[in-house]
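Residues per chain are reported as follows:
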Amino acid sequence: IAGRGTTNPSSALPSAPASIQLGVAPDAKLLVLKLATTDGSTDVSQVISALDWVTEHPVMPDGTRVRVINLSYGTDSAQGYQIDPLAAAAENAWKHGIVVVTSAGNSGTGTGRLSDPAIDPYVLAVGAADSSDRVDGWAPNHTKVASFSNVSTGRHADLIAPGTSLVSLRDPGSYVDANNPQGLVSGDVSGKLFRGSGTSQAAAVVSGAVADLVQAFPSLTPDQVKYALTASADPVLGGSVNAVGAGMIDMQHAFDLASHIVKTNANGAALKAAAVQSFAPATGRGSLDAARGGDVPLDADGNPISGEVDIQ
């Protein structure tokens, strides 16, 4: 999202000055909440607590207000969003002015639904585009959805974004680094770079895009941000709406549309009205255990957590 780094001039990668941006929003201020163990495992109760905490404390110590949450996380819960407690926490943050960007899931056609909390129709659910065969940029007639990106017969991804073999900064010695040597970037003698694939990566791209949008247009509401990104997305040739949603993210067109939204003329007023979402609200009164889906989280002592109890 906000990474900066350098490439190696002696490699096949293009050389660049030390200040080159590798992230979509390199000047974004980050508030990082550590929820998971080193291998990425966490419980829905911890994610709910984090969402609630940010919603209750949206202003950073320096006065910066949190405008976007990147939630590259999801469970295979089959519980309806209207009662699901995780979906309700994400939706609550949204309704308090924070754009919640979620990953659609990496099960392809396996589940027929999005991961939780991407199932909530208010939040911004992101699928992954496959960039493996692209070397000369993106075009609507060349873009395709990644095979692992969740395809849903109901609530589907809102749009797709680059999500295969994305290069970012490496965390040497981390769990991901140690267990995925294929992520090392060929020719990068600096050892600073790492590749990753998934709708989590695609969600991070969109989170950076949201940060750019709200920096340029601070008055945008979460609904207006979502509308600007989806209404401006490029169509994907042969892409089913159940897989690609509105299509491939197009930042230039999103900025143009956002500019029109913030204007007070008749066109701007019409766009503001079109951007308002009015889905049935999530109550969160369902099952916490059901929100975990098939995952069985463990407490600090290695004991399984089940039932209507949180991590504590």
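See above for the structure.
Residues numbered from 1 in each chain as written. Predicted model: local features only at pLDDT ≥ 70, side-chain atom pairs only at ≥ 80, totals over all residues. Heavy atoms only, no water.

A. Broad picture of the pattern of salt bridges. Counted according to the given criterion, the structure contains 8 salt bridges. Between Arg-155 and Asp-158 there is a salt bridge; the shortest N-O distance is 2.9 Å. Owing to a relative accessible area of 11%, Asp-158 belongs among the buried residues under this scheme. With a closest N to O distance of 2.6 Å, Asp-177 and Arg-170 form a salt bridge. By relative accessible area, Arg-170 is classed as partly exposed at 27%. A cluster of three or more residues bridged by salt bridges with shared partners is formed by Asp-43, Asp-289 and Arg-292. (Salt bridge = Lys/Arg side-chain N within 4 Å of Asp/Glu carboxyl O. Buried < 20%, exposed > 50% of the residue type's maximum accessible area, 1.4 Å probe, protein only.)

B. Geometry of the nonpolar core. Counting residues in each nonpolar core, the largest one holds 48 residues, and the members touching the most others are Val-206, Val-210 and Leu-229. Broken down by element, this core gets its largest block of residues, 8 residues, from helix 4 (residues 199–216). Residues in contact with Leu-229, not counting those within four places in the same chain, are Leu-124, Leu-159, Val-206, Val-210, Leu-213, Ile-249, Met-251 and Ala-254. One finds Tyr-81, Leu-114, Ala-125 and Ala-282 within the second-largest nonpolar core, a separate group that totals 10 residues. (Core = buried A, V, L, I, M, F, W, Y, C linked by side-chain atoms within 4.5 Å. Helix = DSSP H or I, 4+ residues; strand = E, 2+ residues; numbered from the N terminus. Contact = heavy atoms within 4.5 Å.)

C. Summary view of helix 7 (residues 251–262). Taking 1.5 Å per residue, 12 residues should reach 16 Å; helix 7 reaches 16 Å between its end C-alpha atoms and fits that length. Of the surrounding elements, those touching the buried residues of helix 7 are helix 4, helix 5 (222–231) and helix 8 (266–275). The N-capping residue of helix 7, defined by a side-chain oxygen 3.3 Å from the backbone nitrogen of Gln-252, is Asp-250. (Expected span 1.5 Å × (residues − 1). Polar contact = N/O pair within 3.5 Å; in protein donor to acceptor, adjacent residues only side chain to side chain.)

D. Up close: the environment of Gly-110. Of note, Gly-110 is situated in the loop between strand 2 (99–103) and strand 3 (124–130). Exposure remark for Gly-110: the relative accessible area of 66% places this residue in the exposed category. For the pair Gly-110 and Ser-278, spaced 168 residues apart in sequence, the C-alpha separation works out to 29 Å.

E. Examining the environment of Val-185 more closely. Here Val-185 shows up in the loop between helix 3 (175–179) and strand 7 (193–196). Distance from Val-185 to Val-167, taken between C-alpha atoms, is 7.8 Å for residues 18 residues apart in sequence.

F. Structural context of the pairing of strand 3. Of all 7 residues in strand 3, 7 are buried; the element is thus mostly enclosed. The pairing of strand 2 with strand 3 spans 3 bridges and is classified as parallel. From the neighbouring strand, Val-101 faces strand 3, where its bridge partner is Leu-124. Direction of pairing for strand 3 relative to strand 5 (residues 159–162): parallel, over a ladder of 4 bridges. Paired with Ala-129 across the two strands is Pro-162, which belongs to strand 5. By the bridge criterion, 2 bridges tie strand 3 to strand 4 (residues 144–145) in an arrangement that is antiparallel. Across the sheet, the residue bridging to Ala-129 is Val-145, located in strand 4. (Pairing = 2+ DSSP bridges.)

G. Inspection of the packing of helix 5 against helix 7 at higher detail. As a packed pair, helix 5 and helix 7 sit with axes 8 Å apart at the nearest point and diverge in direction by 135°. Taken together, helix 5 and helix 7 sit at an angle that is classed as oblique. Remark: the crossing between helix 5 and helix 7 carries right-handed chirality. Residues Gln-224, Tyr-227, Ala-228, Leu-229 and Ala-231 of helix 5 pack against Met-251, Ala-254, Leu-257, Ala-258 and Ile-261 of helix 7. The residue inventory of the contact of helix 5 with helix 7, partitioned by class, reads 9 nonpolar, 1 polar and no charged. (Axes fitted to C-alpha atoms, helices over the stretch in contact; angles between N-to-C directions. Parallel < 35°, antiparallel > 145°, perpendicular 65-115°, else oblique. Left-handed = near helix turned anticlockwise from the far one by under 90°. Nonpolar A, V, L, I, M, F, W, Y, C, P; charged D, E, K, R; others polar.)

H. Structural context of the side chain of Asp-250. Among the secondary structure elements, Asp-250 is positioned in the loop between helix 6 (241–244) and helix 7. Of note is the side chain of Asp-250, whose polar atom sits 3.3 Å from the backbone nitrogen of Gln-252. What Asp-250 contacts, discounting residues up to four positions off in sequence, is Ser-232 and Asp-234.

I. View of the environment of Ala-231. As for its position among the elements, Ala-231 is in helix 5. Note on Ala-231: relative accessible area 45%, which makes it partly exposed.

J. Spatial organisation of the packing of aromatic side chains. Overall, the coordinates contain 2 aromatic pairs when judged by the stated rule. Geometrically, the ring pair formed by Tyr-122 and Phe-279 is edge-to-face, given 5.4 Å between the ring centres and 85° between the ring planes. Residue Tyr-122 is located in the loop between strand 2 and strand 3, and its partner Phe-279 is located in the loop between helix 8 and helix 9 (288–291); the two are separated by 157 residues in the primary sequence. We classify Tyr-122 as buried; its relative accessible area is 6%. Positioned over the ring face of Tyr-122 is Lys-95, at 4.5 Å from the centre of the ring. (Phe/Tyr/Trp six-rings, centres within 6.5 Å; stacked < 30°, edge-to-face > 60°. Lys NZ or Arg CZ within 6 Å of the ring centre and 35° of its normal.)

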